Amino acid sequence: MEKQSIGTNATICPMPVTLVGSMVNDRSNFMTVAFISRVNMNPPLISMGLNKQSATREAVFKHRTFSVNFPSAGMVAETDYCGIASGKTTDKSGLFKVFYGKSPYAPMISECPLSFECTVVETHEFATHTCFIGEIVATYLDSSCVTNGKPDPAKIDPLLLTMPDNQYWRIGKPVAQAWNAGKKVQKRS
Ligand SMILES: Cc1cc2nc3c(=O)[nH]c(=O)nc-3n(C[C@H](O)[C@H](O)[C@H](O)COP(=O)(O)O)c2cc1C
């Protein structure tokens with residue numbers, strides 16, 4: 001198959017778009033973050049990259065707790081706005097209905113079907129971003145997004161992003177069951 005070199009900024013698959021909650025100047029603040037991923041099973045750890053100009057980076061350094069909220073596709077305008085406006089100069093606290101779990105420094109968004117409450121366990125400095133490793137200490141899921149006792153991705157309807165075309169997407173149809181689809185290959189080899 002013929003290949004072409006396309007630089008280094010392409011994400012081959014859509015990334016989940018999240019709203020990271022923190023307290024900035026004693027008010028709740030939400031920053032759009034797509035550089036985020038699960039990195040350990042037990043304890044449940046995630047990593048996220050926050051640019052060094054963001055108000056959220058400072059707040060998470062200070063309070064060592066934060067939230068990760070997963071907006072549904074219908075929240076695209078508010079989510080995009082949180083990625084354009086900074087809490088350094090803009091009050092974003094009135095955009096959403098906020099609730100709290102264990103920490104007063106990790107505001108969460110009622111309108112988001114799924115929210116993680118996290119504590120910082122490690123930080124790593126890179127050229128433009130700080131990588132925070134956070135432990136998920138609690139998860140809050142809308143009861144309306146549960147099927148057979150599990151979170152239902154179709155009901156959560158998460159917002160996704162591709163780069164460098166900078167498009168928002170929503171998930172499509174399931175393809176196969178993971179840790180199962182490969183078994184027929186296993187039998188062949
Ligand atoms: C779709 C989208 C995804 C983004 N993902 C990230 C990200 O993963 N990391 C980051 O540092 N900034 C990201 N940004 C930019 C921040 O959201 C932006 O700098 C924001 O204004 C920071 O808000 P704050 O200063 O209130 O913390 C993203 C913006 C958009 C629109």
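Glancing now at the side chain of N69. The residue N69 is located in strand 6 (residues 65-70) in this model. Exposure remark for N69: the relative accessible area of 0% places this residue in the buried category. One polar contact links the side chain of N69 to the main-chain amide nitrogen of I109, over a distance of 3.0 Å. Among all residues touching N69, those that are not within four sequence positions of it are V17, T18, L19, G21, F30, P107, M108, I109, C112, L114 and S115.

Contacts to the ligand come from 22 residues, most closely from F35, N51, T56, S86 and G87. One of the side-chain nitrogen or oxygen atoms of T56 is found 2.5 Å away from an oxygen atom of the ligand. Note that an oxygen atom of the ligand is positioned 2.6 Å from one of the side-chain N or O atoms of S86. Look at the ligand: alone it shows 650 Å² of surface, and the protein chains cover 85% of it. Among the elements that make up the shell around the ligand, the one with the highest residue count is strand 3 (residues 27-33) (4 residues). Residues belonging to the shell around the ligand are distributed by class as follows: 10 nonpolar, 10 polar and 2 charged.

With that settled, the discussion passes to the sheet that holds strand 13 (residues 159-162). Reading across from one edge, 1-13-14 is the order of the 3 strands in this open sheet, with antiparallel pairing throughout. With partners counted over all chains shown, the strands left at the sheet margins are strand 1 (15-16) and strand 14 (167-170), one partner each. Across 2 bridges, strand 1 lies against strand 13 in antiparallel orientation. Each residue of the ladder has a partner; that of P16, found in strand 13, is L160.

Quick look at unusual backbone geometry now. Residue N42 is joined to P43 through a cis peptide bond whose omega torsion reads 5°. Inspection of the secondary structure puts P43 in the loop between strand 4 (36-40) and strand 5 (45-51). The linkage connecting M163 with the following residue, P164, adopts the cis geometry, with an omega of 10°. Its location among the elements puts P164 in the loop between strand 13 and strand 14. The backbone of D26 shows a phi angle near 65°, a positive value even though the residue is not glycine. With respect to the element layout, D26 can be found in the loop between strand 2 (18-24) and strand 3. Of note, the phi angle at N148 is positive, near 50°, even though the residue is not glycine. Mapped onto the elements of the fold, N148 is located in the loop between strand 11 (146-147) and strand 12 (150-151). Residue classification places N148 among the exposed residues on the basis of a relative accessible area of 76%.

About the thresholds
Every chain's residues receive numbers from 1 upward, in the order its sequence appears when written. Reporting in this predicted model follows two pLDDT cut-offs: at least 70 for local features of residues, and 80 or more for side-chain atom pairs to be given and counted; totals over whole chains, interfaces and linings ignore these cut-offs and use all residues. Side-chain metrics rest on all non-hydrogen atoms present in the structure, leaving aside hydrogens and water. Comment: elements are numbered from the N terminus, with helices defined as DSSP H or I runs of at least four residues and strands as E runs of at least two. Each residue is placed in one exposure class: buried if its accessible area under a 1.4 Å probe, protein chains only, is under 20% of its type's maximum, exposed if it is over 50%, and partly exposed if it falls in between. What qualifies as a polar contact is a pair of N or O atoms within 3.5 Å, subject to a donor-acceptor requirement within protein and to the restriction that residues adjacent in sequence count only when both atoms come from side chains. It only takes one pair of heavy atoms within 4.5 Å for two residues to be counted as in contact. Residues are classed as near a molecule or strand on a simple rule: at least one heavy atom within 4 Å of it. Note on areas: Shrake-Rupley with a 1.4 Å probe; residue coverage comes only from the protein chains shown. The nonpolar class holds Ala, Val, Leu, Ile, Met, Phe, Trp, Tyr, Cys and Pro. Asp, Glu, Lys and Arg form the charged class, and all remaining residues, Gly among them, are polar. For two strands to pair, DSSP has to find at least two bridges joining them.

Bear in mind that shape data such as this cannot, by itself, settle questions of function.
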